[in-house]
Amino acid sequence: MEIVWQTPANPPEPHDYIFRNGRRLVRPYYFEFISHVKNRWAGKTVVDFFAYEFKGRPYDYYVNAVKCGRIQVDGERVHVSYILKSSQKISHFLHRHEPPVMAFDVSVILEEPDVVTVCKPPTVPVHPCGQYRKNTVVGILQAEHGLTPLFPVHRLDRLVSGLLILARSPSKAEYFRQQIEGGMVNKQYIAKVIGVFPENEVVVNVNIDYNAREGRSTAEGGNSCSDCPPKGKPACTKFTRIHTNGMHSLVLCEPVTGRTHQIRVHLQYTGHPIANDVLYLSEEGVNRSSQGTTADRAAAGHSLTSRMDQICPSKEEECSEEFSIDTLCTHCPSLVPNGYEGREEGLWLHCVRYSGPDWVYECPYPDWASLP
C-alpha cells in the first residue's frame, strides 16, 4: 500500500467526509505532527514522553511506532530508550482518525468581501484543535464552500450553535478583536433553561474559576471565605426572560465579559441551568427536568438541515465508503477514534446576534426555541 501523508498545507476536500447515522465522519488519513522538546520533557525516554503526554493510544503502540520509524527525533530513527534533549525536533507520523460531529450543514448566512457569517452547528469545533482538523467549521467551509482563508472573530464552545463571524483577512479580524476587547460589542444568546425564570432582568456579577483539568467552571459567590482572595476572574451576564411554559423558559443571555462557560455557569448560579446541560445540571435540576430535556433528545427538533437526508436518502450502505486500514493503528478498523463510539448532541444554547458601533450580524432561532 502506498502511504501518502498530509500536512496543514493539504486542504480539506468534499470526499474527505463520510455521512453515517446522522454523523459526519472523516476518512482516516496519514498526518505528521511536528514539535520541539520543551524543558519539562527533556530527560524522558521518547516512548515514555509520548505515552505520558498523549494517552489516546496504548504504550505498546508508541514502542512499535519508534521501532518502525514513525516517531523520529531530529529526522532520524532512534532506539526506544532514547533520552530526549531540550529543543530537539520530534515528529510523529500517524494514521489520524478524527472524532465525529453531528451531520448538519454549516450554512452561510452572509458573504461579504471582508466578512463571512455562518450558522455554526452544535458539536462542531470552530477551528482545528486537539483531534479535530477537517471536522471543524473552518475545515468544512473550505471543503464545501471554497471559503479560505478565514479568521474566526470570536469563539463558540463546541456544543454551542449559532452565529459565527469570520473575517477574510487578518486586518479585519484585528478590527473586530479591538472592538470586542474594548467592550464595544454587544453579544446575545438564547438558552432554554429549567423552570420559570424571573420576569424581571437578572444580572449575575459573580467571579468564574475555570478548572482546565476538569473542563468545568465554578461560580465563586455566596459562601466564599471573606479572608480568601478569589481565584476566579470577574464575570458579568445579563439575563431576560423571553417566554415560559411553566416547565422551561427561553432566556436572552447577554454576556458582558467572556469567560469559559460563562453563560452556562451563571445560569446554574441562578438556579435555572440549561435544560440539557449535563455538565452543569444539579440533581435537583435533573429531577425538575422531565421529558425532552436531555441532550440526546435535543437533536430531534433541531432546525438545521441534516446531511443524512441529502447523502443517504434510503440505505446506510450507500454511505459505506472504503478507507485504508493501517495495521499499526490502534483505532482501525473503526472510522472513529477509540472512546467516540457514542452519540453526542448539542446544547440548548444558541448565539443569535453580535453588534458593534456600526455593524450588526444575526442568526435565526433554532426549533428548540419554540416552547409549546
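Residues numbered from 1 in each chain as written. Predicted model: local features only at pLDDT ≥ 70, side-chain atom pairs only at ≥ 80, totals over all residues. Heavy atoms only, no water.

### Let's talk about the overall build of the protein chain
The cut-off we apply is this: The way it works is that DSSP assigns letters per residue, a run of H or I at least four long becomes a helix, a run of E at least two long becomes a strand, and they are numbered from the N terminus. Each residue is placed in one exposure class: buried if its accessible area under a 1.4 Å probe, protein chains only, is under 20% of its type's maximum, exposed if it is over 50%, and partly exposed if it falls in between. To measure how exposed things are, a 1.4 Å probe is used in the Shrake-Rupley method; for residues, cover is taken only from the protein chains shown.
Each helix and strand counted, the protein chain has eight helices and 19 strands in total. Among the 372 residues that make up the protein chain, the fraction classed as buried is 49%. About 18,300 Å² of surface is accessible on the protein chain, with carbon and sulfur atoms providing 50% of the total.

### Quick word on the nonpolar core
Applied cut-off: As used in this record, nonpolar core signifies buried Ala, Val, Leu, Ile, Met, Phe, Trp, Tyr and Cys residues forming a set joined through side-chain atoms within 4.5 Å. Should any heavy atoms of two residues lie within 4.5 Å, those residues are counted as being in contact.
In terms of nonpolar packing, the biggest core is built from 89 residues, with Val46, Ile165, Phe239 and Leu267 touching the most fellow members. Residues within four places of Ile165 in sequence aside, it is in contact with Val115, Val116, Thr117, Phe151, Pro152, Val153, His154, Phe176, Tyr354, Trp359 and Tyr361.

### Describing the state of the cysteines
Our working definition: The disulfide definition used here is simple: a pair of cysteine sulfur atoms within 2.5 Å.
In this structure the tally under the stated criterion is zero disulfides. Between Cys119, a cysteine without a disulfide, and Cys363, which holds the nearest cysteine sulfur, the sulfur-to-sulfur distance is 3.4 Å.

### Structural notes on the confidence of the model for the protein chain
Our working rule: By definition, pLDDT measures how confident the predictor is in each residue, and it falls between 0 and 100.
Within the protein chain, residue pLDDT values average 86, and 84% of them lie at 70 or more. Note on residues 284-320: pLDDT is under 50 here. Beyond four places in sequence and across chains, it has 75 contacts.

### Side note on the environment of Pro11
Inspection of the secondary structure puts Pro11 in the loop between β1 (5-6) and β2 (17-20). Look at Pro11 and you get partly exposed, because its relative accessible area is 37%. Spatially, the C-alpha atom of Pro11 lies 9.5 Å from that of Thr148, the residues being 137 residues apart in sequence. Setting aside anything within four residues of it in sequence, one finds Pro11 in contact with Asp16 and Gln142.

### Regarding the pattern of salt bridges
Our working rule: Each reported salt bridge corresponds to a side-chain nitrogen of Lys or Arg within 4 Å of a carboxyl oxygen of Asp or Glu.
Per the counting criterion, the structure on display carries 13 salt bridges. The closest approach of N and O atoms between Arg168 and Glu111, which form a salt bridge, is 3.6 Å. Of this pair, Arg168 sits in the loop between β11 (161-167) and α4 (170-181) while Glu111 sits in strand β8 (residues 107-111), and the two are 57 residues apart along the sequence. Among the ionic pairs, Lys172 bridges to Asp114, the shortest N-O distance being 3.4 Å. One end of the pair, Lys172, is in helix α4; the other, Asp114, is in the loop between β8 and β9 (115-120), with 58 residues separating them in the sequence.

### What to know about the packing of helix α1 (residues 46-53) against helix α2 (residues 59-67)
Each pair of packed helices can be described by the angle between their axes along with the distance between the axes. Our working rule: To define axes, lines are fitted to C-alpha atoms, for helices over the stretch in contact only, and angles between the resulting N-to-C directions are given on a 0 to 180 degree scale. With respect to orientation, any angle under 35 degrees is reported as roughly parallel, any angle over 145 as roughly antiparallel, any angle of 65 to 115 as roughly perpendicular, and every other angle as oblique. Helix crossings get a hand from a simple test, with the near helix turned counterclockwise from the far one by less than a right angle marking a left-handed crossing and a clockwise turn marking a right-handed one. Residues were grouped as follows: Ala, Val, Leu, Ile, Met, Phe, Trp, Tyr, Cys and Pro as nonpolar; Asp, Glu, Lys and Arg as charged; and all remaining residues, including Gly, as polar.
Contact geometry for α1 and α2: axes closest at 9 Å, N-to-C directions at 140°. As judged from the angle between their axes, α1 and α2 are oblique. Between α1 and α2 lies a crossing of right-handed hand. Where α1 abuts α2, its residues Val46, Val47, Asp48, Phe50 and Ala51 lie against Tyr59, Tyr62, Val63 and Val66. Looking at the contact of α1 with α2 residue by residue, the classes come out as eight nonpolar, no polar and one charged.

### Considering the sheet that holds β2
To keep things clear, this is the line we draw: The pairing criterion is simple: DSSP has to find at least two bridges between the two strands.
Here we have three strands laid out as an open sheet, ordered β2-β3-β7, and antiparallel in their pairing. Pairing within the sheet leaves two strands with one partner each, and these edge strands are β2 and β7 (101-102). Note that β2 and strand β3 (residues 23-26) share four bridges and pair antiparallel. Bridging across to β3, Phe19 finds its partner in Arg24. Along the sheet face, helix α3 (residues 137-145) touches β2 and β3 and points at about 100° away from the line of β2.

### Observations regarding the packing of aromatic side chains
Short version of the rule: By convention, a stacked pair of Phe, Tyr or Trp rings (six-membered ring in the case of Trp) has centres within 6.5 Å and planes under 30 degrees apart, an edge-to-face pair has planes over 60 apart, and any other such pair is tilted.
Considering all chains together, one arrives at 14 aromatic pairs under this definition. Each ring, one from Trp41 and one from Phe49, has its centre 4.6 Å from the other, and the planes form 45°; the classification is tilted. With respect to class, Trp41 is no different from Phe49; both count as buried. Aromatic pair Phe197 and Phe239: ring centres 6.0 Å apart, planes at 70°, arrangement edge-to-face.

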